[in-house]
Every structure is written in C-alpha cells, then in structure tokens.
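A closer look at the structure
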Amino acid sequence: MDQAHRNQAGDLRVLHHPVLGDLPESRPVQITVDGQPLLAREGEAIAAALLAHGILVCRTMPGGREPRGVFCALGRCADCLMTVDGEPNVRACLIPVREGQVVWTQAGLGRWEGRAG
Amino acid sequence: MKTTGIAVIGAGPAGIAAALAASEAGAAVTLIDENSTVGGQLRWRIAALRGLGDGLDGLPACQAVERLEERLAAADVSVLTNAVAWGLFEDGSLAVATPGGGFLLQAEKIVVATGSVDLALPFPGWTLPGVLTARAAQILLHLHRVLPGRRVAVVGEGLDAAELVTDLETAGAEVVLRASDPAQVVVSGDGRVEWVTANGERREADAVVIALGRQPDPELALQAQVDLGYSARLGCHLPLRSALLETSRPGLYVAGEAAGAADLAESFAEGRLAGLAAAGASPERIAATQEALARARSPERSVEVDRLRLGTSDRAQVEADTSSPWRSWGRAATAEGRDNSLARVALCRCEQVTIGEVRQAIEEGALTINDIKRRTRAGMGLCQGIFCTGAMALLLHAERGIPLSEIVPMTERPPARPIPLVSLVEIEE
Ligand SMILES: Cc1cc2nc3c(=O)[nH]c(=O)nc-3n(C[C@H](O)[C@H](O)[C@H](O)COP(=O)(O)OP(=O)(O)OC[C@H]3O[C@@H](n4cnc5c(N)ncnc54)[C@H](O)[C@@H]3O)c2cc1C
Ligand code: FES
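Because the structure is a prediction, the values reported are computed rather than measured. (Residues numbered from 1 in each chain as written. Chains lettered and ligands numbered in written order. Predicted model: local features only at pLDDT ≥ 70, side-chain atom pairs only at ≥ 80, totals over all residues. Heavy atoms only, no water.)

**Considering the nonpolar core**
Stated formally: Residues belong to one nonpolar core when they are buried, are Ala, Val, Leu, Ile, Met, Phe, Trp, Tyr or Cys, and are joined through side-chain atoms within 4.5 Å. Residue burial is assigned from relative accessible area. The probe radius is 1.4 Å, only protein chains are included, and a residue is buried under 20% of its type maximum, exposed over 50%, and partly exposed in between. Each helix is a run of H or I in the DSSP string that is no shorter than four residues. Each strand is a run of E no shorter than two, and both are numbered from the N terminus. Working rule for contacts: check all heavy atoms of both residues, and any pair within 4.5 Å makes them a contact.
Counting 60 residues, the largest nonpolar core has Val131(B), Val187(B), Val196(B), Val208(B), Trp329(B) and Leu347(B) as its most contacted members. Ranked by residue count, the leading element in this core is helix α13 (residues 389–400) of chain B, at 6 residues. Other than its neighbours up to four places away in sequence, Val131(B) contacts Val70(A), Phe71(A), Phe123(B), Gly125(B), Trp126(B), Val187(B), Val193(B), Val208(B) and Ile210(B). Grouped together as the second largest cluster of nonpolar side chains are 48 residues, Val70(A), Leu141(B), Val165(B) and Val209(B) included.

Structure representation (structure tokens):
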C-alpha cells in the first residue's frame, strides 16, 4: 500500500491519501494560540489545526491541573474545551478556525474575558 | 410550535432510510441531525460500502453521503442539520436546539435513529492527551486529514479495531502495538501519551486509539421511558419493539444502532421498515421490507430480536458470556482484581471520579447506576454518562454479583445534550 507522504515541517497533515486523494489547496487562516501565531486551513476545527502542529492539550481540569485533549471529536466529551475570543468552554473539536481568532488553553472551568476586537 | 407528519431524529443510514421510505409512502417528513451534514457514521469512514444496494455499494462510505443527500432532496424531505433534538416530552413534543435558538416540534410519529457511541473502558493513562476514541481517530484522519500521532497503539480486537489499523496505516501512521484487553493496558507520559504497555510489551507511542466497539445510544427513547430488554451480545439494555419496530409508546419507533442493529446493512433496512410503518404504507410493501430486513440480519441477531420482541429470557446466554473483554475488565477493576492499579484511575472522566471511589460507593450500599451517581457524581458531567455508565455496570456486576441484565441504565432526563440557554429562552410557542 502507498505510504502517504508528510510535509517536511514536522506537520502531521495527511497530504496524500490512497483513497481520498491529495489534500486540496486551501486558504491559510492565521490564528493565535496561547500568544503564538499558528497557520490553519480554512474550514477546519480549531483542535485539528492544533493537532496538525503537534499541540495535544486543550484544557486542564479543575483542581489537579490534569491536561486533556481531543477524546471524542464529536462534541460529546468536553475534554477539548478552550477559551476562544474571550469565551470559555468552546468545543475546539467542533468550532472552525477563523482569521484572527484568539485561542487559549483553558484552565479549569475558564472565565469570561470579554470579546476581543 | 412547528408541526410535521413524521420526525426522524438522526440522519445516519437508519434515519436517512426511514425518511426516504416515509416520504415515498406519502408522509411529510422532517429529518433532524446535530451535525452540519447528514450521513452519521458514514461521514468519516472510508471502507467500501456493502449491503446498501444500487448506486452505493463499492463506494467509500464518506463518498456515498452526497448520493444520499441527492436522494433526500429529490424526495422532498425537510432536512434540518445543526439541530439537536434534546427533549421528548409527555405530550409527544420534541424540543430542538439550533444555533439560532430553538423550537418545539409536534409530530404525529417519531422515529429515533440516533445511532451509537464508541464503547470505552478505563485503563491507567486513558485521560492523557493522545488517547482517543475510534471515531475521533477516523474524524481526524479522514475529515480533517490529520494524523492523531505517528506511532499509534490500538486497543480492541474486533472489526472496528481492524478497520482502524487499516485506516491508520493507509494514512501513513505506524501501528506500534495492538492490545485486545483494555484491562491489561497501561499508558504513561508527561502530560501526553509517551509509552504504552500491554501483553508484556512496552512501546513508544504518541497516540492510543480505543476501538472496543459501539454502544447503542437511544437516549430520547429512554427519556420517553419505553420498555427495555437486556442484550447479552451488547451487555446493555435496548428498547423493546414490535415486529414493526414500534416501542411500548405508541407512535415512537427506534431503528438502527440505537436499537442494537449490528451493522450498516441492518441499520439501513431497519430504517426503511420504521419509515414505512410510521407512514402507514401498504401491508404488501411492509411485508417485502420485513423480508429484506430478515436477510440483512445475522442469524444471531435475528434470535435476539425475536427474543426481545417476545420477552423471553436470555439466562443461558448471560451465564455463558463470561469471557468477553468487558467481563474481564470488571474483574480486574474490583478490589481483588489485578494489583489494585486501577483504583486511582478515573472512571468518570468529566467529574474525575476514580474507580476506587465508585468501588467504595458500592461497598457502602450503592446497588444501581443511579445510586452510584448520587453518591459520587460519576455520570453527572458534561458527557452525560456516555463514557462511564458501561464501566459502572461492569463494576456493580463484578463487586456485587448483580446480573448485568438487572442493572438498568441511568434515568434519562432532558436535555439530551448540554444546550445553550438561548435554546430554552427562545422556544417558540
Ligand atoms: C470504526 C467503525 C467501524 C465500522 N465498521 C463497520 C463495518 O465494517 N461494517 C458495517 O456494516 N458497519 C460498520 N460500522 C458501523 C456503521 O457505520 C453503523 O452500523 C451505521 O452507521 C449505523 O447507522 P445509524 O443510522 O443507526 O447510526 P449513525 O450512523 O450513528 O447515525 C446517527 C446520527 O444521529 C445523530 N444524533 C444522535 N442523537 C441526536 C440528537 N439527539 N439530535 C440530533 N441528532 C442526533 C448522530 O450525530 C448521527 O449523525 C463501523 C463503525 C465504526 C465507528
Ligand atoms: S473532543 Fe470530545 S467534545 Fe471535543
């Protein structure tokens, strides 16, 4: 079976897929994650953009700081809650990236920070 | 209040088949799904379809979705996506939440085709970032085109696990370890998956996929408090149904994996029958559809369906089925089990309740899932118990010897999903 290729940047994207074909071109979307710029693909979920860059942690649990990341990718487990544009408890596995979006790893239950912009 | 002839909830293969059949029989149909497109589990699987008939067989599942959308459009079914049906009330009205707010829907008949969720059982490290369900892995690989990791371990031994191994390798990941028994798996790492140990082997890995199989998710039917029966095959309770797939609540049908259907072909065939029956199609048409459904079912499942319909007991099967990974997990999780290493593992991910705490609640007298929930908060988190009640039942069974057939599911109350407050405020009267 054809081994899919990956790009050199250490990116975890599946650029070529034997069944699904080549990854289509897409407009790059710039977001900010914990203060660092990150290039995402238009239309993808926030958590997918993070995972493509090897970022697994979305939140830490209340109390013990235990980290959590995508578990169900279906909006059902709430392990991927992040603070997005000042709003806490956003499911990063469902909500798509948007140009200029500001994303923070969420600590515990998170808190409202007022909408940016 | 909006009205419709037949409301179908869930637009996977069963719901789509129900909607198409009901509309073909002349009913006004509203098909509701929480996702942005129809297709259910087909949306992210790439395995070639079998058993769905003309125009679909042979296509990768995700590429069949467009064909089904075209059929729905041609059949004049009203399709509501991004819409969660979160409550089914006494008076038969359905509460639906949409991004813009919400509404109540009054339907003459309701078909619940809400499918299944992935079965998960706790093991040390199962809450670490990098551990994910089979569906999450397929969604990442095929919808988002991202590898969950380069070196991946797969937990589970059935068909779903085999499909996941193929999917991962096809996309370019390396499967470094396979483990059949979740009770034997230990995952460790500093803030993320780094090591996986199973069957005496230890491997470096950056992701672990839990592919233990699927569990029916008939939550709306449970809210309606329909009569239930036990399935030893699945180790859980299922809505009891007539030969036409109607539950004990008149006008409420359940079809597909939500009712325990074993696979795609059976789910599709059940959906078609429920749709025709709800729409009051001619007896000839219904008889032909029942025959097609019988052909789509395995002999084992046919026996189960008949048994549930007739209410005959399944003792022998309950006693015989003690070797599955489910039971062995239950034994390992007891105080006498393995080496007590599971005691500190979270059973309930959301509320961070450990197996040890649940064991203690059982020791102190908890006899039901509702008891455990009240005493420990396990099952009260945002996931609403979908990833922990199975484990609670196994632990009750192992600790107390209560037959699984007598452990009833948690009492389900609306909302079926956490919903924004606006959906409640903005319900149109
Ligand atoms: C890893 C894996 C491997 C598989 N391998 C095979 C195989 O080899 N062969 C085979 O035949 N089958 C296989 N299947 C199973 C097959 O995909 C299912 O049998 C089929 O999709 C079930 O159809 P369904 O319509 O009952 O449910 P689903 O496809 O699960 O559809 C249910 C839909 O309802 C929606 N929903 C649920 N609750 C609500 C609500 N309250 N409001 C609104 N919408 C809601 C869900 O989001 C979903 O879209 C596999 C599945 C998986 C995950
Ligand atoms: S990963 Fe489960 S809700 Fe997002």
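Next comes the rest of the description.
**Points about the environment of Ala48(B)**
Residue and element names in this part refer to chain B. Position of Ala48 among the secondary structure elements: in the loop between β2 (29–32) and α2 (61–74). Residues Ala48 and Pro182, spaced 134 residues apart in sequence, show a C-alpha to C-alpha distance of 28 Å. With sequence-adjacent residues up to four places away left out, Ala48 is seen in contact with Gly58, Leu59 and Pro60.

**Observations regarding the sheet that holds strand β12 (residues 195–198) of chain B**
Residue and element names in this part refer to chain B. Test applied: Any two strands with at least two DSSP bridges between them are considered paired. Lines fitted to the C-alpha atoms define the axes, with helices restricted to the stretch that makes contact. Angles between their N-to-C directions range from 0 to 180 degrees.
Spatially, 3 strands are ordered β11-β12-β13 in an open sheet, and the strand pairing comes out antiparallel. Where the open sheet ends on each side, the last strands, each with one partner, are β11 (186–188) and β13 (201–204). Averaged over all pairs of adjacent strands, the angle between strand axes in this sheet comes to 15°, irrespective of strand direction. As defined by bridge partners, β11 adjoins β12 across 3 bridges and the pair is classed as antiparallel. Its bridge partner being in β12, Val186 is matched across the sheet by Thr197.

**Side note on the UniProt feature "domain: BFD-like [2Fe-2S]-binding" (unreviewed entry) in chain B**
Counted only if it meets this: UniProt positions are given in the numbering used here, feature names are shortened, and annotations may be inferred rather than shown by experiment.
Mapped onto this structure's residue numbering, the UniProt feature "domain: BFD-like [2Fe-2S]-binding" (unreviewed entry) falls at residues 348–396 of chain B. The annotated region residues 348–396 of chain B carries 51% helix and 6% strand content, and the separation between its end C-alpha atoms amounts to 15 Å.

**Considerations on unusual backbone geometry**
Look at Asp34(A): it is not a glycine, yet its phi comes out positive at around 50°. Tracing the backbone shows Asp34(A) in the loop between β3 (28–33) and β4 (36–41). Backbone geometry at Leu245(B) places phi at a positive 70°, although glycine is not the residue there. Secondary-structure assignment places Leu245(B) in the loop between β17 (236–239) and β18 (252–254). Residue classification places Leu245(B) among the buried residues on the basis of a relative accessible area of 2%.

**Points about the domain arrangement of chain B**
All names here are of chain B. Going by this rule: For the domain bounds, the source is a domain assignment made automatically or taken from a database. Note on definitions: buried area is the accessible-area loss of two parts on being combined, 1.4 Å probe, summed for both. Salt bridge criterion: a side-chain nitrogen from Lys or Arg within 4 Å of a carboxyl oxygen from Asp or Glu. Any pair of nitrogen or oxygen atoms within 3.5 Å is treated as a polar contact; in protein, a donor-acceptor pairing is required on top of that, and neighbouring residues in sequence qualify only through side-chain atoms on both sides. All amino acids are sorted into three groups, where Ala, Val, Leu, Ile, Met, Phe, Trp, Tyr, Cys and Pro are nonpolar, Asp, Glu, Lys and Arg are charged, and the leftover types, Gly among them, are polar.
Annotation of chain B at the domain level lists domain 1 (2–117 + 215–317), domain 2 (120–212) and domain 3 (327–402). For domain 1 and domain 2, the distance between their C-alpha centroids amounts to 30 Å. Broken down residue by residue, the surface that domain 1 buries against domain 2 is led by Trp44, Arg45 and Ile46, which jointly contribute 70%. Across the contact surface, domain 1 and domain 2 share 1 salt bridge. Salt-bridge contacts for Arg45 lead to Glu163; the nearest nitrogen and oxygen are separated by 2.8 Å. Scanning the region where domain 1 abuts domain 2 turns up 4 residue pairs in polar contact (both at pLDDT 80 or more). Looking at the side of domain 1 that touches domain 2, its residues break down into 4 nonpolar, 2 polar and 2 charged.

**Some points on the site of ligand 1**
Residues and elements named next belong to chain B. Here is the rule we go by: If a single non-hydrogen atom of a residue is within 4 Å of a molecule or strand, that residue counts as near it. For every accessible area listed, the method is Shrake-Rupley and the probe measures 1.4 Å; residues are considered covered only by the protein chains on display.
Neighbouring residues of ligand 1: 30 residues in total, closest Ala14, Asp33, Glu34, Gln41 and Glu257. A distance of 3.5 Å is found between a nitrogen atom of ligand 1 and a side-chain nitrogen or oxygen belonging to Arg214. Relative to its unbound accessible area of 1000 Å², ligand 1 is 92% covered by the protein chains. When residues of the shell around ligand 1 are traced back to their parent elements, those giving at least two are α1 (13–24), β4 (84–88), α4 (159–171) and α6 (264–278).

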